[in-house]
Amino acid sequence: MSMRKIGLIGGMSFESSAVYYRMINEAVRARLGGLHSAEVMLHSIDFQTIVDMQKAGRWDDAAQHLSNVARGLEAAGADCVLICTNTMHLIADAVQASISVPLINIIDETAASLNAAGIKRPLLLATRYTMEHGFYGDRMAHHGIEMMVPNADGRTLAHDIIFNELCAGKVIDSSREALMRVIETAKEKGADAVILGCTEICLILDPAALPLPGFDSTALHADAAVSFALEGVAAQVRSAA
(Lines give C-alpha, C1' and ligand atoms only; values in the text may rest on other atoms or scores of the structure.)
Protein backbone atom coordinates (compact mmCIF):
# COMPACT_ATOMS: atom_id res chain seq x y z
CA MET A 1 0.00 0.00 0.00
CA SER A 2 1.39 3.40 -0.99
CA MET A 3 0.62 6.70 0.68
CA ARG A 4 -2.18 8.77 -0.75
CA LYS A 5 -1.39 12.01 -2.58
CA ILE A 6 -2.31 15.28 -0.89
CA GLY A 7 -3.55 18.16 -3.05
CA LEU A 8 -3.05 21.64 -1.59
CA ILE A 9 -4.76 24.81 -2.80
CA GLY A 10 -2.24 27.32 -1.51
CA GLY A 11 -1.00 30.84 -1.91
CA MET A 12 -3.62 32.37 0.40
CA SER A 13 -1.12 33.52 1.60
CA PHE A 14 2.07 31.77 0.51
CA GLU A 15 3.44 32.47 4.01
CA SER A 16 1.09 29.90 5.54
CA SER A 17 1.32 27.55 2.54
CA ALA A 18 5.01 27.17 3.34
CA VAL A 19 4.02 26.21 6.89
CA TYR A 20 1.63 23.56 5.55
CA TYR A 21 4.34 22.05 3.35
CA ARG A 22 6.82 21.90 6.23
CA MET A 23 4.33 20.51 8.76
CA ILE A 24 3.03 17.82 6.41
CA ASN A 25 6.48 16.59 5.48
CA GLU A 26 7.76 16.70 9.06
CA ALA A 27 4.76 14.64 10.18
CA VAL A 28 5.29 12.01 7.48
CA ARG A 29 8.96 11.71 8.39
CA ALA A 30 8.08 11.42 12.09
CA ARG A 31 5.53 8.67 11.44
CA LEU A 32 7.43 6.66 8.85
CA GLY A 33 11.04 7.36 9.82
CA GLY A 34 14.07 7.46 7.58
CA LEU A 35 13.92 9.97 4.75
CA HIS A 36 10.23 9.53 4.02
CA SER A 37 8.31 12.61 2.88
CA ALA A 38 4.80 13.31 1.66
CA GLU A 39 3.35 12.91 -1.81
CA VAL A 40 2.13 16.49 -2.25
CA MET A 41 0.76 18.49 -5.14
CA LEU A 42 0.57 22.24 -4.47
CA HIS A 43 -1.27 24.68 -6.70
CA SER A 44 -0.31 28.09 -5.35
CA ILE A 45 -2.55 30.82 -6.71
CA ASP A 46 -2.11 34.59 -6.91
CA PHE A 47 -3.52 35.78 -3.58
CA GLN A 48 -4.24 39.29 -4.85
CA THR A 49 -6.82 37.80 -7.23
CA ILE A 50 -8.63 36.23 -4.28
CA VAL A 51 -8.30 39.32 -2.07
CA ASP A 52 -9.93 41.43 -4.81
CA MET A 53 -12.84 38.95 -4.94
CA GLN A 54 -13.18 39.00 -1.15
CA LYS A 55 -13.29 42.79 -0.96
CA ALA A 56 -15.91 42.94 -3.72
CA GLY A 57 -18.03 40.18 -2.18
CA ARG A 58 -17.57 38.05 -5.31
CA TRP A 59 -17.71 34.75 -3.43
CA ASP A 60 -19.33 32.89 -6.34
CA ASP A 61 -16.39 33.86 -8.56
CA ALA A 62 -13.98 32.75 -5.85
CA ALA A 63 -15.80 29.43 -5.55
CA GLN A 64 -15.53 28.89 -9.29
CA HIS A 65 -11.84 29.78 -9.26
CA LEU A 66 -10.96 27.41 -6.43
CA SER A 67 -13.19 24.68 -7.88
CA ASN A 68 -11.21 24.84 -11.11
CA VAL A 69 -7.99 24.48 -9.13
CA ALA A 70 -9.41 21.56 -7.12
CA ARG A 71 -10.47 19.76 -10.30
CA GLY A 72 -6.98 20.23 -11.68
CA LEU A 73 -5.43 18.69 -8.56
CA GLU A 74 -7.81 15.74 -8.74
CA ALA A 75 -7.03 15.24 -12.43
CA ALA A 76 -3.33 15.26 -11.57
CA GLY A 77 -3.85 12.41 -9.11
CA ALA A 78 -4.63 14.02 -5.74
CA ASP A 79 -6.52 11.67 -3.41
CA CYS A 80 -7.72 14.54 -1.21
CA VAL A 81 -7.80 18.33 -1.40
CA LEU A 82 -7.12 20.97 1.26
CA ILE A 83 -7.95 24.66 0.97
CA CYS A 84 -4.98 26.10 2.87
CA THR A 85 -6.86 29.00 4.44
CA ASN A 86 -9.74 29.32 6.88
CA THR A 87 -11.46 32.23 5.16
CA MET A 88 -12.00 30.43 1.86
CA HIS A 89 -13.84 27.65 3.66
CA LEU A 90 -16.76 30.03 3.23
CA ILE A 91 -17.06 28.39 -0.19
CA ALA A 92 -15.72 24.93 0.80
CA ASP A 93 -19.01 23.15 0.12
CA ALA A 94 -19.02 24.43 -3.46
CA VAL A 95 -15.44 23.25 -3.98
CA GLN A 96 -16.26 19.84 -2.50
CA ALA A 97 -19.24 19.54 -4.85
CA SER A 98 -16.94 20.08 -7.82
CA ILE A 99 -14.67 17.09 -7.10
CA SER A 100 -15.09 13.41 -6.26
CA VAL A 101 -12.20 13.10 -3.79
CA PRO A 102 -12.58 14.28 -0.16
CA LEU A 103 -12.04 17.91 0.74
CA ILE A 104 -10.58 17.86 4.26
CA ASN A 105 -12.39 20.70 6.03
CA ILE A 106 -10.31 22.79 8.43
CA ILE A 107 -13.35 23.74 10.54
CA ASP A 108 -14.38 20.11 11.07
CA GLU A 109 -10.85 19.10 12.04
CA THR A 110 -10.54 21.99 14.49
CA ALA A 111 -13.94 21.19 15.99
CA ALA A 112 -12.96 17.54 16.45
CA SER A 113 -9.87 18.58 18.40
CA LEU A 114 -11.88 21.04 20.53
CA ASN A 115 -14.47 18.39 21.36
CA ALA A 116 -11.79 15.85 22.23
CA ALA A 117 -10.39 18.37 24.72
CA GLY A 118 -13.80 19.18 26.21
CA ILE A 119 -13.76 22.79 24.97
CA LYS A 120 -17.17 24.45 24.89
CA ARG A 121 -16.67 28.21 24.33
CA PRO A 122 -13.53 29.04 22.35
CA LEU A 123 -12.49 32.46 21.09
CA LEU A 124 -11.93 32.66 17.33
CA LEU A 125 -9.08 34.83 16.08
CA ALA A 126 -9.27 35.14 12.31
CA THR A 127 -9.94 37.47 9.40
CA ARG A 128 -13.02 39.67 9.48
CA TYR A 129 -14.64 37.43 6.84
CA THR A 130 -14.18 34.33 8.98
CA MET A 131 -15.34 36.02 12.19
CA GLU A 132 -18.33 37.88 10.73
CA HIS A 133 -19.80 35.89 7.81
CA GLY A 134 -21.31 33.17 10.01
CA PHE A 135 -20.09 30.10 8.13
CA TYR A 136 -17.44 29.27 10.75
CA GLY A 137 -19.67 29.71 13.79
CA ASP A 138 -22.53 27.82 12.13
CA ARG A 139 -20.32 24.84 11.37
CA MET A 140 -18.87 24.93 14.89
CA ALA A 141 -22.41 24.99 16.30
CA HIS A 142 -23.16 21.86 14.26
CA HIS A 143 -20.39 20.22 16.31
CA GLY A 144 -21.90 21.50 19.57
CA ILE A 145 -19.42 24.34 20.09
CA GLU A 146 -20.50 27.87 21.03
CA MET A 147 -17.84 30.10 19.51
CA MET A 148 -16.89 33.60 20.65
CA VAL A 149 -15.39 36.40 18.56
CA PRO A 150 -13.70 39.62 19.72
CA ASN A 151 -15.58 42.92 19.83
CA ALA A 152 -15.53 45.20 16.78
CA ASP A 153 -12.18 46.75 17.68
CA GLY A 154 -10.66 43.34 18.31
CA ARG A 155 -11.94 42.02 15.00
CA THR A 156 -10.48 44.99 13.15
CA LEU A 157 -7.17 44.53 14.97
CA ALA A 158 -6.89 40.83 14.10
CA HIS A 159 -7.94 41.37 10.47
CA ASP A 160 -5.44 44.17 9.94
CA ILE A 161 -2.58 42.24 11.55
CA ILE A 162 -3.30 39.27 9.29
CA PHE A 163 -3.54 41.15 5.99
CA ASN A 164 -1.16 44.05 6.55
CA GLU A 165 1.54 42.20 8.46
CA LEU A 166 1.47 38.40 8.53
CA CYS A 167 0.50 37.89 4.88
CA ALA A 168 3.35 40.27 4.02
CA GLY A 169 5.85 38.30 6.08
CA LYS A 170 5.96 40.79 8.99
CA VAL A 171 5.84 39.53 12.57
CA ILE A 172 5.69 42.48 14.98
CA ASP A 173 6.02 42.14 18.76
CA SER A 174 3.56 44.94 19.53
CA SER A 175 0.92 43.18 17.42
CA ARG A 176 1.49 39.96 19.36
CA GLU A 177 1.00 41.88 22.59
CA ALA A 178 -2.22 43.42 21.26
CA LEU A 179 -3.60 39.99 20.33
CA MET A 180 -2.69 38.69 23.77
CA ARG A 181 -4.77 41.48 25.30
CA VAL A 182 -7.73 40.43 23.14
CA ILE A 183 -7.33 36.87 24.45
CA GLU A 184 -7.15 38.07 28.06
CA THR A 185 -10.38 40.02 27.58
CA ALA A 186 -12.11 36.97 26.14
CA LYS A 187 -10.88 34.86 29.05
CA GLU A 188 -12.50 37.31 31.46
CA LYS A 189 -15.75 36.91 29.51
CA GLY A 190 -15.74 33.12 29.74
CA ALA A 191 -13.70 31.84 26.81
CA ASP A 192 -12.10 28.47 27.59
CA ALA A 193 -9.73 28.24 24.61
CA VAL A 194 -8.40 30.12 21.57
CA ILE A 195 -8.77 29.00 17.96
CA LEU A 196 -5.94 30.29 15.79
CA GLY A 197 -8.49 30.49 13.00
CA CYS A 198 -6.32 32.02 10.33
CA THR A 199 -3.54 29.94 8.85
CA GLU A 200 -1.08 32.82 9.34
CA ILE A 201 -1.75 33.42 13.05
CA CYS A 202 0.59 30.58 14.02
CA LEU A 203 3.37 32.83 12.70
CA ILE A 204 2.81 35.29 15.56
CA LEU A 205 1.13 33.30 18.36
CA ASP A 206 2.47 30.11 19.92
CA PRO A 207 -0.58 28.04 20.95
CA ALA A 208 1.38 26.69 23.93
CA ALA A 209 2.15 30.19 25.26
CA LEU A 210 -1.32 31.73 25.54
CA PRO A 211 -3.48 32.62 28.54
CA LEU A 212 -5.90 29.93 27.35
CA PRO A 213 -5.39 26.56 25.61
CA GLY A 214 -4.54 27.24 21.97
CA PHE A 215 -5.71 25.26 18.95
CA ASP A 216 -3.73 25.94 15.79
CA SER A 217 -6.04 25.27 12.84
CA THR A 218 -3.08 25.09 10.44
CA ALA A 219 -1.39 22.31 12.40
CA LEU A 220 -4.65 20.43 12.90
CA HIS A 221 -5.48 20.64 9.19
CA ALA A 222 -2.01 19.49 8.15
CA ASP A 223 -2.11 16.60 10.61
CA ALA A 224 -5.50 15.49 9.28
CA ALA A 225 -4.09 15.42 5.76
CA VAL A 226 -1.18 13.25 6.91
CA SER A 227 -3.50 10.85 8.75
CA PHE A 228 -5.56 10.50 5.57
CA ALA A 229 -2.48 10.04 3.39
CA LEU A 230 -0.90 7.42 5.65
CA GLU A 231 -3.98 5.40 6.54
CA GLY A 232 -2.70 1.83 6.68
CA VAL A 233 0.78 2.80 5.49
CA ALA A 234 2.61 3.40 8.78
CA ALA A 235 1.85 -0.07 10.09
CA GLN A 236 3.00 -1.57 6.82
CA VAL A 237 6.30 0.33 7.00
CA ARG A 238 6.87 -0.77 10.60
CA SER A 239 6.20 -4.42 9.78
CA ALA A 240 8.54 -4.27 6.81
CA ALA A 241 11.28 -2.88 9.07
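With parallel pairing, three strands are arranged side by side in an open sheet as β4-β5-β6. A strand with exactly one partner marks an edge of an open sheet, and here the two such strands are β4 (122-125) and β6 (214-216). Each neighbouring strand pair of the sheet contributes to a mean axis angle of 20 degrees, computed without reference to strand direction. In terms of strand pairing, strand β5 (residues 193-196) meets β6 through three bridges, oriented parallel.

Taken residue by residue, helix α7 (residues 135-142) has Phe135, Tyr136 and Met140 as its buried positions. One side of α7 carries all its buried residues, which in axial view fall inside an arc of 130 degrees. Among the exposed residues of α7, those pointing more than 90 degrees away from its buried face are Asp138 and His142. For α7, the elements touching its buried residues are α5 (106-116), β4, α6 (128-132) and β5. Following α7 by one or two positions, Gly144 has its phi on the positive side, about 85 degrees.

Moving on: empty space enclosed by the protein. Under the counting rule described, the total for this entry stands at one cavity of 30 Å³ or more. The space that makes up the largest cavity amounts to roughly 80 Å³. For the largest cavity, the lining is made up of 14 residues, of which Met12, Phe47, Thr85, Thr87 and Thr127 are closest to its centre. Every element with two or more residues in the lining of the largest cavity is listed here: α2 (47-56) and α8 (152-165).

On to unusual backbone geometry, then. In this model, Met12 is joined to Ser13 through a cis peptide bond whose omega is 0 degrees. Looking at where Ser13 falls in the secondary structure, it is placed in the loop between β1 (6-10) and α1 (14-32).

In total, this model carries zero disulfides according to the counting rule given. The thiol of Cys80 is not disulfide-bonded; the next cysteine sulfur, from Cys84, is found 10 Å away. Cysteine Cys198 remains unbridged, with the sulfur of Cys167 as its closest cysteine sulfur at 5.9 Å.

A word on the sheet that holds β1. Strand order in the open sheet formed by three strands is β2-β1-β3, and the pairing between neighbours is parallel. The open sheet has two edge strands with one neighbour each: β2 (40-44) and β3 (80-83). Each adjacent strand pair in this sheet contributes to an overall mean axis angle of 20 degrees, direction not counted. Pairing between β1 and β2: five bridges, direction parallel. Bridging from a neighbouring strand, Gly7 pairs with Met41 of β2. Contacts from α1 reach β1, β2 and β3 within the one sheet, and its direction differs from that of β1 by about 160 degrees. Packing against the sheet, helix α10 (residues 217-229) makes contact with β1 and β3, and its axis sits at approximately 175 degrees to β3.

Along the chain, Thr110 falls in helix α5. Setting aside chain neighbours within four positions, we find Thr110 in contact with Tyr136, Met140, Ile195, Ser217 and Leu220.

All right, on to the environment of Val226 then. As for its position among the elements, Val226 is in helix α10. Val226 sits in the buried class, given a relative accessible area of 0%. Note: C-alpha distance between Val226 and Ile24 (202 residues apart in sequence) is 6.2 Å. Apart from residues no more than four positions distant in its own chain, Val226 is found in contact with Ile6, Ile24, Ala27, Val28 and Arg31.

Here is what the cut-offs are and how they apply
Residues numbered from 1 in each chain as written. Predicted model: local features only at pLDDT ≥ 70, side-chain atom pairs only at ≥ 80, totals over all residues. Heavy atoms only, no water. Pairing = 2+ DSSP bridges. Helix = DSSP H or I, 4+ residues; strand = E, 2+ residues; numbered from the N terminus. Axes fitted to C-alpha atoms, helices over the stretch in contact; angles between N-to-C directions. Buried < 20%, exposed > 50% of the residue type's maximum accessible area, 1.4 Å probe, protein only. Arc of directions from axis to C-beta. Contact = heavy atoms within 4.5 Å. 1 Å grid on protein atoms, 1.4 Å probe; cavity = no way out; pocket = protein on both sides within 12 Å on 5 of 7 lines; lining within 4 Å. Points joined across faces, edges and corners; volume = space filled by probe spheres on them. Disulfide = S-S within 2.5 Å.

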